[in-house]
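# Structural overview
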Amino acid sequence: NKEFIISPRASIGFIPNFNQDLTFRLATGVYYQSPFYKEVRVTGQDDRGNDIVTLNEDLKSQRSIHFILGGDYTFRAADRNFKITTELYYKKLDDLVPYTVDNVKIRYYGENCAKGHAMGIDVKFFGEFVPGTDSWLSFSLMKAEQTIRSTVTVPMPNSQGYNVSLFFQDY
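What comes next is a walk through the structure. (Residues numbered from 1 in each chain as written. Predicted model: local features only at pLDDT ≥ 70, side-chain atom pairs only at ≥ 80, totals over all residues. Heavy atoms only, no water.)

## Topic: the pattern of salt bridges
Stated precisely, the cut-off is as follows: Any carboxyl oxygen of Asp or Glu within 4 Å of a side-chain nitrogen of Lys or Arg constitutes a salt bridge here.
Here the structure, examined in full by the defined rule, presents 7 salt bridges. With its nearest N and O atoms 3.1 Å apart, the salt bridge here joins Lys-92 to Asp-94. Linked by salt bridges that have partners in common, Arg-25, Asp-72 and Glu-87 make up one network.

This is the structure:
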């Protein structure tokens, strides 16, 4: 479709003088995801019921405008280093190519007919429970939904709701 794409991003960090163990971050930017073949492909049928595959050459790249507010707190406990990181995020999604999942088959609409958003919070606790090795525990709450053809709002197929992860290292 001969699109010219640029994805600018910016971030700023701040460490306050009153507590050098705190860090605050703000990030924003625009990201474009170029369509791949399965998104561009449009399947229809002729009058005899045969499948006809055409390519939608007018399909645009999907766009995400994101905003992230985060912070870190580092501290020592039991003579070891620890850190807590928290991030709040919101992503405004435009020109989405929605899809449905049927068992293992993914069917793309083949057109930019949806918009949506993704938002959530991530909290991660890092630590050196054993000196010299990093371990962590994370918890995330998230929500992603899309509005297709300005009529129906549904959760995005990849919206998980929550996630808990643990990574532990020992000798």
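## A closer look at the pairing of strand β1 (residues 9-14)
So the rule is basically this: Partly exposed describes any residue whose relative accessible area lies between the buried limit of under 20% and the exposed limit of over 50%, with all areas from a 1.4 Å probe on protein chains only and scaled to the type maximum. Under the scheme used here, helices are H or I runs from DSSP no shorter than 4 residues and strands are E runs no shorter than 2 residues, and both carry numbers assigned from the N terminus. Two strands are counted as paired when DSSP detects at least two bridges linking them.
With 0 of 6 residues buried, β1 lies mostly on the surface of the structure. Alignment of β1 against strand β2 (residues 22-33), held across 6 bridges, turns out to be antiparallel. Across the sheet, residue Ile-12 finds its bridge partner in β2, namely Leu-26.

## Quick word on unusual backbone geometry
Even without being glycine, Ala-78 reaches a positive phi, approximately 55°. Relative to the helices and strands, Ala-78 resides in the loop between β5 (62-77) and β6 (80-96). Under the relative-accessibility criterion, Ala-78 is labelled exposed at 65%. In the Ramachandran plot, Arg-149 falls in the positive-phi region, its phi being about 50° despite a non-glycine side chain. With respect to the secondary-structure elements, Arg-149 resides in the loop between β10 (135-148) and β11 (152-155). In this structure Arg-149 comes out as partly exposed when scored by relative accessible area, which is 45%.

## Considerations on a nonpolar patch on the surface
The condition is simple: A residue counts toward a patch only above 30% relative accessible area and without a salt bridge, and it is joined to like-charged neighbours within 9 Å or, for Val, Leu, Ile, Met, Phe, Trp and Tyr, to nonpolar neighbours within 5 Å. Exposure was quantified through the Shrake-Rupley algorithm and a 1.4 Å probe, taking into account, for residues, occlusion by the shown protein chains and nothing else.
On the surface, Phe-129, Leu-137, Phe-139, Leu-141, Tyr-162, Val-164, Leu-166 and Phe-168 cluster together into a nonpolar patch covering about 840 Å² of accessible area. Elements represented by at least two residues in the nonpolar patch include exactly β10 and β12 (162-167). The topology assignment puts Phe-139 in strand β10.

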